[in-house]
Amino acid sequence: MANDHRDGGLEAALRLYSEGKFEDALSSLDDVIAADAADAGAHYLRGIILKDSNRDALAVAAFDRALALEPELERAYYHRGTARFLAGD
């Protein structure tokens, strides 16, 4: 049941993100993260959305959290580096 909530929340976040509704997508991810703070995928997607909405410092923090939870999430390293560069770090 918890997995259904996660998958539904991630699916909704992806749909909203693809529609350019970044704030709604972030809200959907907040629900997923509230249910399971150790969901690396949700933190990673949060970072992507924050980066694409020009909140690069917040994106770095989201990617850091995703990588702390799942160090093998290789694509997060690239996105974190890009966000750090854009944030002036």
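The structure this text deals with has already been given above.
Nothing here was measured: the structure is a model prediction, and the numbers come from that model.

Visitor: It is not clear to me how unusual backbone geometry should be interpreted in this structure. Could you clarify?
Guide: Trans peptide bonds make up most of the peptide bonds, and negative phi angles are found at most residues other than glycine. The backbone of N54 sits at a positive phi, close to 60°, despite the residue not being glycine. Tracing the chain through its elements places N54 in the loop between α3 (40–52) and α4 (56–69). Given the relative accessible area of 65%, N54 is considered exposed.

Visitor: Sorry, what's going on with the pattern of salt bridges here?
Guide: Close approach of charged atoms allows side chains with opposite charge to pair. Taken as a whole and assessed by the stated rule, the structure comprises 5 salt bridges. E19 is the salt-bridge partner of R15, the closest N and O atoms lying 3.8 Å from each other. E19 gets classed as partly exposed once you look at its relative accessible area, which sits at 42%. Across the pair E23 and R55 runs a salt bridge, and its minimum N-O distance is 2.5 Å. Residue E23 is found in helix α2 (residues 22–35), and its partner R55 is found in the loop between α3 and α4; the two are separated by 32 residues along the sequence. Connected through shared salt-bridge partners, R15, E19 and K21 make up one network.

Visitor: What is the right way to look at α2 in this model?
Guide: Residue pairs three or four apart in sequence face the same way in an α-helix, which turns once every 3.6 residues. Here α2 is 14 residues long and its end C-alpha atoms lie 20 Å apart, about the 20 Å a rise of 1.5 Å per residue gives. Listed in full, the buried residues belonging to α2 are A25, L26, S28, L29, V32 and I33. Projected down its long axis, α2 carries its buried residues within an arc of 160°, all on one side. Exposed positions of α2 whose direction lies more than 90 degrees from the buried face are A34 and A35.

Visitor: Explain the packing of aromatic side chains to me, please; I cannot follow it from the model alone.
Guide: To describe a pair of aromatic rings, you give the distance between the ring centres and the angle between the ring planes. What the rule picks out here adds up to 2 aromatic pairs. Ring centres 5.9 Å apart and planes at 55° place the aromatic pair Y44 and F63 in the tilted group. Taken together, the positions of Y44 in helix α3 and F63 in helix α4 put the pair 19 residues apart, joining distant regions of the chain. The class of Y44 is buried, set by a relative accessible area of 12%.

Conventions we followed
Residues numbered from 1 in each chain as written. Predicted model: local features only at pLDDT ≥ 70, side-chain atom pairs only at ≥ 80, totals over all residues. Heavy atoms only, no water. Helix = DSSP H or I, 4+ residues; strand = E, 2+ residues; numbered from the N terminus. Buried < 20%, exposed > 50% of the residue type's maximum accessible area, 1.4 Å probe, protein only. Salt bridge = Lys/Arg side-chain N within 4 Å of Asp/Glu carboxyl O. Expected span 1.5 Å × (residues − 1). Arc of directions from axis to C-beta. Phe/Tyr/Trp six-rings, centres within 6.5 Å; stacked < 30°, edge-to-face > 60°.

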